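Structural characterization, general
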Amino acid sequence: MSAEPAPAAAAPPSAEQAPGPEPPAGGEEAAEHRALVLTGFGGYEKVKVQARRGGGPRPGEVSVRVRACGLNFADLMARQGLYDRLPPPPVCPGMECAGTVRAIGDGVGDRQVGDKVMVLARSGLWQEVVNVPAGQTFLMPEGMSFEEAAALLVNYITAYMILFDFGNLRPNQSVLIHMAAGGVGTAAIQLCKTVENVTIFGTASASKHEVLKESGVAHPIDYRTMDYAEEVRKISPKGVDIVLDPLGGSDTSKAFNLLKPMGKLITYGVANLLTGQKKNLMAMAKTWWNQFSINALQLLHHNKAVCGYHLGYMDEEFELVGGVVAKLINLYSQGKIKPKIDSVWPFDQVADAMRQMQEKKNVGKVILVPEAPKEESKKEEN
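First things first, this report covers the structure right here in the doc. This one's a predicted model, so the numbers in the text were calculated from it and none came from an experiment.

The rules behind the values
Residues numbered from 1 in each chain as written. Predicted model: local features only at pLDDT ≥ 70, side-chain atom pairs only at ≥ 80, totals over all residues. Heavy atoms only, no water. Axes fitted to C-alpha atoms, helices over the stretch in contact; angles between N-to-C directions. Helix = DSSP H or I, 4+ residues; strand = E, 2+ residues; numbered from the N terminus. Parallel < 35°, antiparallel > 145°, perpendicular 65-115°, else oblique. Contact = heavy atoms within 4.5 Å. Nonpolar A, V, L, I, M, F, W, Y, C, P; charged D, E, K, R; others polar. Pairing = 2+ DSSP bridges. Left-handed = near helix turned anticlockwise from the far one by under 90°.

**Regarding the packing of helix 2 (residues 146–166) against helix 9 (residues 318–333)**
The N-to-C vectors of helix 2 and helix 9 enclose an angle of 110 degrees; their axes lie 9 Å apart at closest approach. Classified by the interaxial angle, the pair formed by helix 2 and helix 9 is roughly perpendicular. Between helix 2 and helix 9, the residues in contact are Glu148, Leu153, Tyr156, Ile157, Tyr160, Met161 and Asp165 and Leu320, Val321, Val324, Val325, Lys327, Leu328, Leu331 and Tyr332, respectively. Classifying every residue of the contact of helix 2 with helix 9 by side-chain character gives 12 nonpolar, no polar and three charged.

**Some words on the pairing of strand 4 (residues 96–104)**
As paired elements, strand 3 (residues 61–70) and strand 4 share seven bridges and run antiparallel to each other. Looking at the pairing, alanine 68 lines up with alanine 98 of strand 4.

**As for the packing of helix 2 against helix 3 (residues 183–192)**
At their nearest, the axes of helix 2 and helix 3 sit 8 Å apart, and the two run at 50 degrees to each other. Here helix 2 lies oblique to helix 3, going by the angle between them. The chirality of how helix 2 crosses helix 3 is right-handed. In contact with Asn155, Tyr156, Thr158, Ala159, Tyr160, Leu163 and Phe164 of helix 2, helix 3 contributes Gly183, Val184, Ala187, Ala188, Gln190, Leu191 and Cys192. Taken together, the residues of the contact of helix 2 with helix 3 sort by class into 10 nonpolar, four polar and no charged.

**Comments concerning the sheet that holds strand 13 (residues 305–308)**
Pairing within the open sheet is parallel, and its six strands lie in the order 10-9-8-11-12-13. Each end of this open sheet is capped by a strand with a single partner; those strands are strand 10 (219–221) and strand 13. On average, each strand axis in the sheet is tilted by 15 degrees relative to the strand beside it, whichever way the strands run. Sheet strands touched by helix 5 (residues 228–235): strand 8 (174–177), strand 9 (199–203), strand 10 and strand 11 (240–245). Its angle to strand 10, the strand with the most contacts, is close to 160 degrees.

Quick look at the structure:
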């Protein structure tokens, strides 16, 4: 297996440039809006609120007034310079957002001004206004909040494709979910519950175990105080059918060894690289040194599968990803899945939002929302 620093999840890009308003034609003055900008690699302070000017959508694009944005593990890695799908700084991060269509470019026939949409992109969505190809927007289902919409795409697409497309999850099977209280973990638990009699093992700190039990995790395990592999074996001596691995390094080897015959390991991240605010060369070296490696002949003898998943490299797979989104919207409308929001932070408090996630305090999704400058609010009141 390649030792690639894949993050927990990332969204498909559409073009080389990050989405963002283009200067308007004809020399008219561009409207100003606020955006979060990664000014360089490093700690929390490297993401700053800045003013940007931009115009209307180009042909094939829609302009969206953003109401909520999702924070993902990949964004934390991008801040440290560990995520290869982000253009070099200064750059606006953000792979998913939700808002209202405010203008439509030429040639767009399936979107209207006023439509509530969720948006998926490689980067560039942490702004008050974004211009994106219409094909990267999805209509929000009835009754969904902007915060829920900003929490759906990256985590639920990732969890769905891992569990069903790679994992082939079926009734009466068992699944080990790492970081079970996080965005992908929460989504995976809910999706497991749509299949009959699936036994869920989930790793998380002890303070989150009650919430995990309520959500459907049969066996929460405190990875900080016990060996999760030993705990799984105590309950299920043969191991489990599917392991979701966002950790990398030596944990991938442990995951492979925990698989039952015909079991599947899906690795989709290297969270073990993140040990502090800034890039840690020792952690990187240790993770790569311990990275799991196996050849095809060895796999033959084990009767196990190893899969790698990275949503950020689904560059042109619009039909594939769109089909998954349609299934997720259907499950949401049936009440079978519902994004769990941990906390909502204004752009000005992005450092606190990132800290909440990096220190693994969150249960569910961390959301960012634009906050209009006080001067603008006053103008609107007058």
